[in-house]
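# Notes for the structure review
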2 protein chains.
Amino acid sequence: MNALFKALNDPTRRAILERLRAGPATAGAIAEQFSFSAPTISHHLDLLRQADLVTSQKQGQFVLYTLNMTVFDELLGWLYQFKS
Amino acid sequence: MNALFKALNDPTRRAILERLRAGPATAGAIAEQFSFSAPTISHHLDLLRQADLVTSQKQGQFVLYTLNMTVFDELLGWLYQFKS
DNA sequence: AATTTATTTAGACATTTGCCTAAACATTGA
DNA sequence: TCAATGTTTAGGCAAATGTCTAAATAAATT
């Protein structure tokens, strides 16, 4: 829960998640869309992975990142207690 | 959106929200439940108010804090785009 | 009016965060 | 095998964060 909110508490990381809605992408492809260095994006991806919001798989020299939507259920569950 | 995720990215603040589910409470009553100083809790309440997650009204020398659940809809809306 | 009680503001301090560059690692291709 | 490409790791730095104590503000009580 902590890692989840931490990961979401950054506009760049949220933008990465929105980018991944369109489908999996390599670290490099993601980095190109943002005006930050590759190491910075790599670090953001690491935090997203720690929160289990994305998964990664190595494909040759590329690393493909994929959105993991199952974690959102946990967040929805937390929110649900505040409903009504 | 930024203020919202920022406010939620702290276990003490989330616990305060959960406390307020039971009903409005004064700053002092809230502070008593946590082993932090009153100024620290006051600061947390300020961040929650900035995110519009709580509202406050002065009642005599007390300040009553109330959960504002309407903001959760904004969060649900953001989450919704990731569904399915 | 002076004192007590409730809360916030101000300022200090250690830790965390987000960024960078340089270097390391891993894979592909010449 | 050497060079090029993609990605991560390491280390440094400024800014933000969470905590504290001391002081200020505001309302109630004596």
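Our structure's up above, just so we're on the same page.
All of these numbers come straight from a predicted model, not from anything done at the bench. (Residues numbered from 1 in each chain as written. Chains lettered and ligands numbered in written order. Predicted model: local features only at pLDDT ≥ 70, side-chain atom pairs only at ≥ 80, totals over all residues.)

### Overview of the sheet that holds strand 2 (residues 54–59) of chain A
Backbone hydrogen bonds hold the strands of a sheet together, and the pairing may be parallel or antiparallel. All names here are of chain A. The strand order across the open sheet formed by three strands is 1-3-2, and the pairing between neighbours is antiparallel. Edge positions in the open sheet fall to strand 1 (25–26) and strand 2, since each of these has one partner strand only. Summarising the sheet, strand 2 and strand 3 (residues 62–67) pair through six bridges and their orientation is antiparallel. What sits directly across from Thr55, in strand 3, is Thr66. (Pairing = 2+ DSSP bridges. Helix = DSSP H or I, 4+ residues; strand = E, 2+ residues; numbered from the N terminus.)

### Focus: helix 4 (residues 38–50) of chain A
Given 3.6 residues per turn, any residue in an α-helix points the same way as the ones three and four places further on. All names here are of chain A. The end-to-end C-alpha distance of helix 4, which contains 13 residues, comes to 18 Å, matching closely the 18 Å that a straight helix rising 1.5 Å per residue would cover. Listing the buried residues of helix 4 in full gives Ile41, His44, Leu45 and Leu48. Down the axis of helix 4, the sector holding all buried residues measures 100°, keeping them to one side. On the buried face of helix 4, the contacting elements are helix 1 (2–8), helix 2 (11–21), helix 3 (27–32), strand 2 and strand 3. With its phi angle positive at about 65°, Asp52 sits one or two positions after the end of helix 4. (Expected span 1.5 Å × (residues − 1). Buried ≥ 20, exposed ≤ 12 C-beta atoms within 10 Å, placed from the backbone. Arc of directions from axis to C-beta. Contact = placed C-beta atoms within 7 Å.)

### As for the protein's contact with DNA strand C
Around DNA strand C, the structure places 25 residues, and the nearest of them are Gly60(A), Thr26(B), Gly28(B), Pro39(B) and Ser42(B). Elements supplying a minimum of two residues to the surface near DNA strand C: helix 4 of chain A together with helix 3 (27–32), helix 4 (38–50) and strand 3 (62–67) of chain B. In terms of residues, the surface near DNA strand C owes the most to one element, helix 4 of chain B, which gives six residues. Taken together, the residues that form the surface near DNA strand C break down as eight nonpolar, 14 polar and three charged. (Near = placed C-beta within 6 Å. Nonpolar A, V, L, I, M, F, W, Y, C, P; charged D, E, K, R; others polar.)

### Some words on the protein's contact with DNA strand D
Residues in contact with DNA strand D amount to 25 residues; listed here are only the nearest, Thr26(A), Gly28(A), Pro39(A), Ser42(A) and Gly60(B). At the level of secondary structure, the elements contributing two or more residues to the surface near DNA strand D comprise helix 3, helix 4 and strand 3 of chain A together with helix 4 of chain B. Of the residues contributing to the surface near DNA strand D, the split by class is eight nonpolar, 14 polar and three charged.

### Section: the sheet that holds strand 1 (residues 25–26) of chain B
All names here are of chain B. The antiparallel open sheet is built from three strands, whose spatial order is 1-3-2. A strand with exactly one partner marks an edge of an open sheet, and here the two such strands are strand 1 and strand 2 (54–59). Examined bridge by bridge, strand 1 and strand 3 share two bridges and lie antiparallel to one another. From the neighbouring strand, Ala25 faces strand 3, where its bridge partner is Tyr65.

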